[in-house]
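# Examining the three-dimensional arrangement
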Amino acid sequence: MIKEKTDTALTFEDFKTEVLSDYRIAALSRECSLMGRKEVLTGKAKFGIFGDGKEVPQLAMAKFFKNGDFRSGYYRDQTFMMAIGQLSVQQFFAGLYGHNDIKHEPMSAGRQMGGHFTTHSLNEDGSWKDLTKQKNSSADISPTAAQMPRLLGLAQASKIYRNIQGIPNKDSFSDNGNEIAWGTIGNASTSEGVFFETINAAGVLQVPLIMSVWDDEYGISVHAKYQTTKESISEILKGYQKDSDTNGFEILKVKGWDYAGLIATYEKAATIAREKHIPVLIHVNQLTQPQGHSSSGSHERYKDSTRLAWEKDFDCVRQMKLWMIAINIASPEDLEVIDLEIKKEVQEGKKAAWNAFIEPIIQDQKQFVFLLDRMATSSKNKEVILKYAADLNKIKNPLKKEILVTARKLLRLVIDESCKAELSNWITDYTAKKQKEYSSNLFSESKLNVFSAKEVVPEYAKDAKADTDGRMVLRDNFDAIFTKYPEALIFGEDAGNIGDVNQGLVGLQEKYGELRVADVGIREASIIGQGIGMALRGLRPIAEIQYLDYLLYAIQILSDDLATLQYRTVGKQKAPLIIRTRGHRLEGIWHSGSPMGMIINALRGIHVLVPRNMTKAAGFYNSLLECDEPALVIECLNGYRIKEKMPLNYGEFKTPIGVIEVLKKGADITLVSYGSTLRLVEQAAKELQETGIDCEIIDIQSLLPFDVNKDIVKSIAKTNRLLVIDEDVPGGASAYILQQIIENQDGYNHLDSKPQTLTAKAHRPAYGTDGDYFSKPSIEDIFERVYAMMNEVNPSKFPGLY
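Let me begin by describing the structure that accompanies this report.

This next bit is on the overall build of the protein chain. Looking only at helices and strands, the protein chain features 26 helices and 22 strands. Against the compact-globule benchmark of 28 Å for 802 residues, the protein chain has a radius of gyration of 30 Å, which places it among compact chains. Principal axes of the C-alpha set define a box for the protein chain whose edges measure 100 × 85 × 45 Å. Taken over 802 residues, the protein chain has a buried fraction of 59%. Within the protein chain, contacts between residues separated by at least 24 positions form 79% of all contacts whose residues are at least 6 apart in sequence. Of the accessible surface of the protein chain, which amounts to about 32000 Å², a share of 52% is contributed by carbon and sulfur atoms.

This is the structure we're talking about:
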């Protein structure tokens, strides 16, 4: 492990010791890469993507990475993780094998392929560790450049901690904002839009961020001339260079094989970022990738002989060796001894990792074969069972799948035998145990999950009337939130100076300052990234996406990063980000869409809340701030000026999450909807009542989670009919809602009529009032669909309309 760099002058002997220690880490990492590839090619591991060729610059970066700092990197940073003491040889191979025990594979318990690194921010109970006393890495993901938005928020957190007073437990998250967020990326991935979006935002915000670009001239097999203008990211970013009187970046360039030059460069960058909160981009060029992109293929297919020869000569580990020999730090013989020691160490670590991975499965295999042998003695299918047992026993390195497949196939053979019960119970128990190893922690399993927030109803004055714009309910509740939670902040397009486009934050920037109620640029992906990064560091950000339709710009970051965070870290990191947006009905294609089916299916791992009015929305914000999970709150775009009563207990009343509300009791049919559409449903129900049809109206309130008490089926048991009204496209959210009711709640048991959905048309909504009327469900559509369903039941009482 590399020690943090200090200002103390080194003697030559100290310097020699440090350099040799660095070399050992580089050689260790390289040997892991070489041996890791062999493990893939021999079939022990599924896939490998390694950090060979990037070892030396990562050593330099590690020297200036201090406790409290955060990394947001990509999947070639194994040397760095080893250098900061967060990755051992055995853990490296445990990740390669996909060992699903967090004690052996602390990065993701086998849920991600090797090369994806993380550190643990949380205690066993889900509470925060003291992040200032450890070196931190946010959990990696594979989509290229998707680590960039999160990096922005990790850096911004230092700015918040340095400038905002009164944040509780501040000292556990920051040393007065003296932390750096360190990003890494491959040169080809700088072509992604989120890279440029984040770089621009960091230059505007002036946050302590150091972005390292590992440049080996290729993106998989594609040369830089097809990736980057001028074949150089530092050249094309020169316009971002900070001047004395402008914001921007400090841009540095260094050769990736130059050990001494790399240390000097990273020392300079760390001083600038840590002390002055100026972002720095380090273009590390002339790097190599000795084994090609991954274990899927060879780089000899796309690199010519000249390039391959250059890569051999300028391999950073080789160059470090030559430099050490040249300045008498070590002789070739000394280094050969180190290399042999390293090979032995890696072999032993690999063997230990493999044994820890395979031995529990072999034990399961032996126990199950023993069970089969015992079953066979009393079975009429004795020979077949023994054959299955023998075949399974022959597998030298079994998979859990192979054991369970054998069991489930045999269950069909003994379905009418006495041994069936024992086999069936074994399968049930084994499946439950193993399934949890792969499926836990999609949502928080701590005592602060969303179900811990119990309902607190709004309190009103006795003479309270619905005479206040809904936006004012939101505004006054946000005011209470920012007073109650000094760690809470909100930011988005137009959120600051004008108080958001619908005036739900009016006057709050003046009261709480530009850092806590902030305007940002038009850049949805990095807005979400700001929120993720700050939430990872203990703040409670509310990231505002101006309109629901614009969430599509950020859906990849939400889906791949935020939604998977607790799952891919097995509950060892959390980012309780609240995303605020507004949607549903207004005007035209881009401001009134309701792509709810896409959202709920892409964002499993994030709660999706759909309040029908601003009091309900405010209650959701109050609930979420008591919890440790991320959520998306979609306010009704046409509801800000609808009159509501003013509560007395702002900041305290809470809307329960996952609980439906019955807005009107009825006996003939259950109408299920949410959000803006409920106002149409309520009016249609009044008109239907006049014809003798008594509707029960249910507000879902939250799509994820959905009706955890299974109350909708209780309504259907009474009415025996169901209509789901939704302004998403056909088969969108309505299909999900039906699946939840009919399948999960067994609603089909109580239906006397076919369950139906009434949705918007398949296209986006057209502009204007008429466009809305012909694109989305109307009062008349609802009335006529319900009436037609009742006509089918009793045509004499409800004669056909058409």
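Time to look at the sheet that holds strand β8 (residues 280-285). Read across the open sheet, the six strands follow the order β2-β1-β3-β4-β8-β7; overall the sheet is parallel. Of all the strands in the sheet, just β2 (136-137) and β7 (250-255) have a single pairing partner and so form its edges. Relative to strand β4 (residues 209-214), helix α2 (residues 55-63) is tilted by about 170°, and along the sheet it contacts β3 (181-186), β4 and β8.

Before going further, it helps to spend a moment on the environment of F117. Here F117 is to be found in the loop between α4 (89-97) and β2. Each C-alpha atom of the pair F117 and D77 lies 8.1 Å from the other, and the pair is 40 residues apart in sequence. Sequence-distant contacts of F117, that is, excluding residues within four places in its chain, are made with R71, D77, Q78, M81, L87, M107, S137, S138, A139 and D140.

A few words on helix α22 (residues 677-689). Taking 1.5 Å as the rise per residue, α22 with 13 residues should run 18 Å; its terminal C-alpha atoms sit 18 Å apart, in good agreement. For α22, the set of buried residues is T677, L678, L680, V681, A684, A685 and L688. Projection of α22 onto a plane perpendicular to its axis shows the buried side chains occupying an angular sector of 150°, all on one side. Elements in contact with the buried residues of α22: β17 (661-664), β18 (669-673), β19 (695-699), β21 (722-725) and α26 (779-793).

Our focus in this paragraph is the environment of G177. Mapped onto the secondary structure, G177 falls in the loop between α5 (147-163) and β3. Residues G177 and R162, spaced 15 residues apart in sequence, show a C-alpha to C-alpha distance of 4.4 Å. In contact with G177, other than residues within four places in its own chain, are S158, Y161, R162 and H277.

So, about the pairing of strand β12 (residues 540-544). Taken across its five residues, β12 has five buried, putting it largely inside the fold. Neither face of β12 is exposed, since R540, I542 and E544 on one face and P541 and A543 on the opposite face are all buried. Pairing between strand β10 (residues 488-492) and β12: five bridges, direction parallel. Considered in β12, the bridge of L489 is made with P541. Two elements, β12 and strand β13 (residues 578-583), share three bridges in a ladder whose sense is parallel. Along β13, the bridge assignment pairs A543 with I579.

Another point: empty space enclosed by the protein. Inspection of the entire model under this criterion finds three cavities of 30 Å³ or more. Of the volumes computed, that of the largest cavity is approximately 140 Å³. Lining the largest cavity are 19 residues, and of these F92, G95, L96, G114 and G115 lie nearest its centre. At four residues, α4 tops the list of elements feeding residues into the lining of the largest cavity. For the lining of the largest cavity, the per-class residue count stands at nine nonpolar, nine polar and one charged.

Moving on, we get to the pattern of salt bridges. Any two side chains of opposite charge can pair, given that their charged atoms come close. On inspection of all chains with the given rule, the structure shows 47 salt bridges. Residue K303 is joined to E311 by a salt bridge in which the shortest nitrogen-to-oxygen separation is 2.8 Å. Grouping residues by exposure puts K303 and E311 together as buried. Residues K654 and E626 are paired through a salt bridge, measuring 3.5 Å at the closest nitrogen-oxygen approach. Of the two residues, K654 sits in the loop between β16 (643-644) and β17 while E626 sits in the loop between α21 (614-624) and β15 (631-636), which places them 28 residues apart along the sequence. Each of D500, E544, R580, R582 and E635 takes part in a single network of salt bridges with overlapping partners.

Before going further, it helps to examine the nonpolar core. In a soluble, globular protein the nonpolar side chains are often hidden away together inside. Formed by 89 residues in total, the largest nonpolar core has its most connected members in F93, W182, I210, Y266, I282, F368 and W426. Looking at this core, the element that brings in the most residues is helix α11 (residues 332-376), giving 16 residues. Those residues in contact with F93 that sit more than four places away from it in its chain are C32, M35, G36, E39, V346, K350 and A353. L489, L551, L562 and I579 belong to the second largest nonpolar core, which has 88 residues in total.

An order of β11-β10-β12-β13-β15-β14-β20 is seen for the seven strands of this open sheet, with the pairing classed as mixed. Each end of this open sheet is capped by a strand with a single partner; those strands are β11 (517-519) and β20 (702-704). Recorded for the sheet is a direction-independent mean angle of 20° between the axes of neighbouring strands. The pairing of strand β14 (residues 607-609) with β15 spans three bridges and is classified as parallel. Residue pairing across strands places V608 opposite L632, the latter belonging to β15.

What follows covers the side chain of K654. Under the relative-accessibility criterion, K654 is labelled buried at 10%. If we skip the residues at most four places from it in the chain, K654 touches A453, K454, E455, V456, G619, N622, S623 and E626.

The next thing to look at is the layout of surface pockets. Unoccupied space between atoms shows up once a probe the size of one water molecule is rolled over them. The calculated volume of the largest pocket comes to roughly 830 Å³. Residue lining of the largest pocket: 31 residues in total, with Y97, G98, F357, L399 and Y438 positioned closest to the centre. Taken together, the residues of the lining of the largest pocket sort by class into 15 nonpolar, ten polar and six charged.

Conventions we followed
- Residues numbered from 1 in each chain as written.
- Predicted model: local features only at pLDDT ≥ 70, side-chain atom pairs only at ≥ 80, totals over all residues.
- Heavy atoms only, no water.
- Helix = DSSP H or I, 4+ residues; strand = E, 2+ residues; numbered from the N terminus.
- Rg over C-alpha atoms; globule rule 2.2 N^0.38 Å.
- Buried < 20%, exposed > 50% of the residue type's maximum accessible area, 1.4 Å probe, protein only.
- Contact = heavy atoms within 4.5 Å.
- Areas by Shrake-Rupley, 256 points an atom, 1.4 Å probe, with all protein chains shown as cover.
- Pairing = 2+ DSSP bridges.
- Axes fitted to C-alpha atoms, helices over the stretch in contact; angles between N-to-C directions.
- Expected span 1.5 Å × (residues − 1).
- Arc of directions from axis to C-beta.
- 1 Å grid on protein atoms, 1.4 Å probe; cavity = no way out; pocket = protein on both sides within 12 Å on 5 of 7 lines; lining within 4 Å.
- Points joined across faces, edges and corners; volume = space filled by probe spheres on them.
- Nonpolar A, V, L, I, M, F, W, Y, C, P; charged D, E, K, R; others polar.
- Salt bridge = Lys/Arg side-chain N within 4 Å of Asp/Glu carboxyl O.
- Core = buried A, V, L, I, M, F, W, Y, C linked by side-chain atoms within 4.5 Å.

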